[in-house]
Amino acid sequence: MPCSLLLLLTTASAAGFFHAEPSLGIFDGQSDIGSVTHAGSVRYDDAKRSYVVAGSGENMWSTFDEFHFVWKKVAPGDVSISADISLLTPTGNNHRKGVLMLRQSLDSDAAYVSATIHGDGLASLQSRPEKGANTYEIQSSRSRPRMLRLVKHGSFVYMFAGNSRADLAFSGGSMRVKWNQPFYVGIGACAHDKEGLVDVAFDHVRLESPVPGALSKLQRVSTIETVPFPSGDRRAIYAAEGALRGPTWDHDGTSLIVSREGRIERVPIAPGKAVESIPTGGEADPPCDSFQGLSPDGKRLAISCGARPSVYVVRLDGTKPAWKRITHKVPTVWHSWSPDGKWLLYTIERKPGKHDFDRIASAGGGRETRLTANGTSDNPEYSPDGKYIYFNSDRGNNGTMQIWRMPSSGSGAAEQLTSDDFNNWYPHPSPDGRRILMMSCDKSIKGPPEDREVLLRVYTPETSKFQVIARVSIGGRGTIDSPAWSHDGRRIAFVSYQFLPSRLMVEKGSPE
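Residues numbered from 1 in each chain as written. Predicted model: local features only at pLDDT ≥ 70, side-chain atom pairs only at ≥ 80, totals over all residues. Heavy atoms only, no water.

Asks: I'd like to hear about the overall build of the protein, residue by residue, with values.
Replies: The secondary structure content of the protein amounts to two helices and 41 strands. Here the C-alpha atoms of the protein give a radius of gyration of 25 Å, agreeing with the 24 Å that 2.2 N^0.38 yields for 512 residues. Its C-alpha atoms give the protein principal-axis dimensions of roughly 80 × 45 × 40 Å. Looking at the protein as a whole, 56% of its 512 residues qualify as buried. (Helix = DSSP H or I, 4+ residues; strand = E, 2+ residues; numbered from the N terminus. Rg over C-alpha atoms; globule rule 2.2 N^0.38 Å. Buried < 20%, exposed > 50% of the residue type's maximum accessible area, 1.4 Å probe, protein only.)

Shown next, in the form of C-alpha cells:
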C-alpha cells in the first residue's frame, strides 16, 4: 500500500467500521431529507465503485434542507470522503448540486458540512454549524473541479478540489461544527427545484480513516477571503502555508496587498495569476508588520517595518527616493492615510501594553502630534471625509474594548459608538462613511485575540444595528489589521487561518 495520509478502508480489519449492505457498497442506507416532491434513489455499480444518485428538493440552504442522501453512520473520529462528481442532468437550476457530506443527523435542519459542486461549476464548502442555524458558504476560486475531498480533523472540516486524486489541493477556508458522535457521512443530490429531479454520478468513491500518528504535526495555512457587502457568500481567493496578515485593496481593485512572514506581497484577485513581491528597500527591510495601505492616489504605500517597527512610505511609481522613514520613535505602527494624503496616523507604545496614537505629515520630517493619552487607544483610521478618527479604546466604564470616534483635529471630546458584551477591534469606516467594519470577540479575551474564533461585524451608527458578515473559526491578529473595504464599498477582504496536518498539504494520494 503506498504511503499516504489516509488509509483506504477496504480491508477485512476495517469491515467493522465501514461494513455496508452490498447493494449500497460502502454505505448503509439512503434517505430523502426534508419534504421532497419526488422520491430519490441510488444505483450502485460494484465493479466501478460508482454511484448515480437521483435527488429532488428545493434547496440545501438557510435553516433546512431538501435532498437525497446516501449515508454511512460512523463512530467517533476523523474521516475523509472523496469522489469524482459529475451532474448528469444537463439542464435545470444552475444551483442543482452534488455533495460530499458530514451530517449530524437525518433531520432536515441538522448541522452539517458539505463539499458541493453546482450545475454552473461553482465548488464551495457549505455548513450549518448547529441544528436550525443558517447555512454559510466559502466559495472556491477553482471552478469546475472534477474531484472533491471532504476531510474532518477534530471539529474542523476542510475541502480539497482538483481534476484527479493526484491534483487535489486545499481550496481554502474551513468550517467548524461541535460534533456529537456518532454522525453520518455520505453523498447526496439536490435539484434546487421542488418539481425537478437531478442525477449526479459519484465515481471512485473513497471513505477513509487517518493513518495513526500521521496527523501529529500541524501547519498554519492562511486563506485570503472576500465577502460581498451588504450580503453575500465568502470566497476563497488565495491559500498558502504560513502567516498572511492584513489584506488591503490595491488602487484598481484587482489585487490585495498583504504581509507574508514579514514581507509585503500583491495577491491578484483573479485565479491563476502569480503573486508579486513588493520591494521595500533600504532600512525598510523585513520584518514588516501586518499594517499596510495605499495612499489615496495609489502611488505610495505606508508600511511598518523592523524588529521594533518604524513607519515608512514606499513610492510605487518609480519616483526617487523609493522609500523614506517617517517616524523615528519606536515602536510605531502605521494605521491610516488622511483622505488628502497629507497625514498619517500611527500608534506608539509609550508604556508596556499601553498604546496611544499620533499624527505626522506623510512627507516626513514634520512635528509628531499626540492625539490620545487615556488608557489604551489603538487602530485609528480617518473617516472618508476627514472629519473624524475612528479607533478602539478601553476608556469606557465597562472594561471592554469599544469603538470610539474623535474630531480629526485632535481637539474636542471623543464619542463612544459601541457598548455591548464584545471586545471590538480594528474599526474600518466604509467608503461612504455610513458604516463601520470591526472584529469582535468574547469579552473574556483581553488584548487583540490570536488564533481565536472572531466575528466580523458591520455597525451602522444611524440605526445602532450590527450585521455579522463572517464568523471566522480561527482569526484575530492579522484578519483585518489593515483597511479592508474595497474602494467601491462592495467587498470586504480578510484572512482566516487553518491548522492542517502537514502531510495533508503535500500528499496527494495515488491517482485512480
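Asks: Residue-level account of the side chain of Glu66, with values.
Replies: As for its placement among the helices and strands, Glu66 is situated in the loop between β6 (64-65) and β7 (67-74). On the accessibility criterion, Glu66 (5% relative accessible area) is buried. A distance of 3.3 Å separates the side chain of Glu66 from the side chain of Lys194, its partner in a polar contact. Residues contacting Glu66, with those up to four places away along its chain left out, are Ile33, Gly34, Ser35, Val36, Ser56, Gly57, Glu58, Asn59, Met60, Cys190 and Lys194. (Polar contact = N/O pair within 3.5 Å; in protein donor to acceptor, adjacent residues only side chain to side chain. Contact = heavy atoms within 4.5 Å.)

Asks: Can you explain the packing of aromatic side chains? Please cite residues and give values.
Replies: This model, assessed by the stated rule, comprises 12 aromatic pairs. Between Tyr158 and Phe170, the ring centres sit 6.2 Å apart and the planes meet at 70°, which makes this aromatic pair edge-to-face. You can see Tyr158 sitting in strand β14 (residues 156-162) and its partner Phe170 sitting in strand β15 (residues 169-170), a full 12 residues away along the chain. On the basis of relative accessibility, which here comes to 1%, the residue Tyr158 falls in the buried class. Three or more aromatic residues link up through ring pairs in this structure, and these residues are Phe27, Tyr44 and Tyr51. Over the face of the ring belonging to Trp343 we find Arg359, whose NZ or CZ atom lies 5.1 Å from the ring centre. (Phe/Tyr/Trp six-rings, centres within 6.5 Å; stacked < 30°, edge-to-face > 60°. Lys NZ or Arg CZ within 6 Å of the ring centre and 35° of its normal.)

Asks: I'd love a proper account of the sheet that holds strand β39 (residues 452-460), names of residues and values included.
Replies: Read across the open sheet, the four strands follow the order β37-β38-β39-β40; overall the sheet is antiparallel. Bordering the open sheet on either side are β37 (422-429) and β40 (465-475), each of which pairs with just one other strand. Geometrically, the sheet is characterised by an average inter-axis angle of 25° between neighbouring strands, direction not taken into account. Sheet analysis places β37 next to strand β38 (residues 436-442), joined by six bridges and oriented antiparallel. Along β38, the bridge assignment pairs Pro429 with Ile436. (Pairing = 2+ DSSP bridges. Axes fitted to C-alpha atoms, helices over the stretch in contact; angles between N-to-C directions.)

Asks: Before we move on, can you summarise the nonpolar core with the specific residues and values?
Replies: In this structure, Leu100, Leu148, Leu150, Ile187 and Phe202 are the most contacted members of the largest nonpolar core, which totals 39 residues. In terms of nonpolar packing, the next biggest core, distinct from the first, is built from 32 residues, Val227, Cys441, Ile492 and Phe494 among them. (Core = buried A, V, L, I, M, F, W, Y, C linked by side-chain atoms within 4.5 Å.)

Asks: Quick one: what's the story with the pattern of salt bridges, residue by residue and with numbers?
Replies: The tally for this structure, following the rule as stated, stands at 26 salt bridges. Close ionic contact of Arg405 with Glu415 constitutes a salt bridge, the shortest N to O distance being 3.0 Å. You can see Arg405 sitting in strand β35 (residues 402-407) and its partner Glu415 sitting in strand β36 (residues 415-416), a full 10 residues away along the chain. On the basis of relative accessibility, which here comes to 37%, the residue Glu415 falls in the partly exposed class. Between Asp481 and Arg477 there is a salt bridge, with the nearest N and O atoms lying 2.6 Å from each other. Residue classification places Asp481 among the buried positions, given a relative accessible area of 3%. Residue class for Arg477 comes out partly exposed when judged on its relative accessible area of 23%. One continuous salt-bridge network, built from bridges that share partners, spans Arg350, Asp356, Asp358 and Arg370. (Salt bridge = Lys/Arg side-chain N within 4 Å of Asp/Glu carboxyl O.)

Asks: I'd like to hear about the environment of Ser393, residue by residue, with values.
Replies: Structurally, the position occupied by Ser393 is in strand β34 (residues 388-393). Expressed as a C-alpha distance, the spacing of Ser393 and Val314, which sit 79 residues apart in the sequence, is 29 Å. A polar atom in the side chain of Ser393 sits 3.2 Å from the side chain of Ser377. A polar contact is formed between the side chain of Ser393 and the backbone nitrogen of Arg395, at a distance of 3.2 Å.

Asks: Any chance you could break down the confidence of the model for the protein for me, citing the residues and the numbers?
Replies: Averaged over every residue, the pLDDT of the protein is 90; residues scoring 70 or more account for 91%. Within the model, the stretch residues 1-20 combines pLDDT values under 50 with 47 contacts to residues more than four positions away or in other chains. Counted against residues more than four places away or in other chains, residues 506-512, with its pLDDT under 50, gives 20 contacts. (pLDDT = per-residue confidence, 0-100.)

Asks: Tell me about the environment of Asp250, and name the residues and values.
Replies: Counting through the fold element by element, Asp250 comes out in the loop between β21 (244-249) and β22 (255-260). Spatially, the C-alpha atom of Asp250 lies 17 Å from that of Thr479, the residues being 229 residues apart in sequence. In contact with Asp250, not counting residues within four places along its chain, are Ser255, Leu256, Ile257, Arg266, Leu294 and His487.

Asks: Describe the sheet that holds strand β30 (residues 343-351), naming the residues involved and giving the relevant values.
Replies: Taken in spatial order, the four strands make up an open sheet running β29-β30-β31-β32, and their pairing is antiparallel. Unpaired on one side and paired on the other, β29 (332-337) and β32 (369-370) mark the two borders of the sheet.

Asks: Outline the pairing of strand β33 (residues 377-382), supporting the account with residue identities and numerical values.
Replies: In terms of residue burial, β33 counts as a mostly covered element, since six of its six residues are buried. Judged from the four bridges that link them, β33 and β34 form a sheet pairing that is antiparallel. Bridged to Asp378 within β34 is Asn392. Counted along the chain from β33 to the antiparallel partner β34, the turn is five residues long, and its residue Gly386 has a positive phi close to 80°.

Asks: How would you summarise unusual backbone geometry if you had to cite specific residues and measurements?
Replies: A cis amide bond, omega -5°, links Gln181 with the succeeding residue Pro182. As for its placement among the helices and strands, Pro182 is situated in the loop between β16 (175-176) and β17 (183-190). With omega at -10°, the peptide bond leading from Val330 into Pro331 counts as cis. The residue Pro331 is located in the loop between β28 (323-325) and β29 in this model. In this structure, Arg144 takes a positive phi of about 55° despite not being glycine. Note that Arg144 resides in the loop between β12 (136-139) and β13 (147-153). Judged by its relative accessible area of 54%, Arg144 is exposed.

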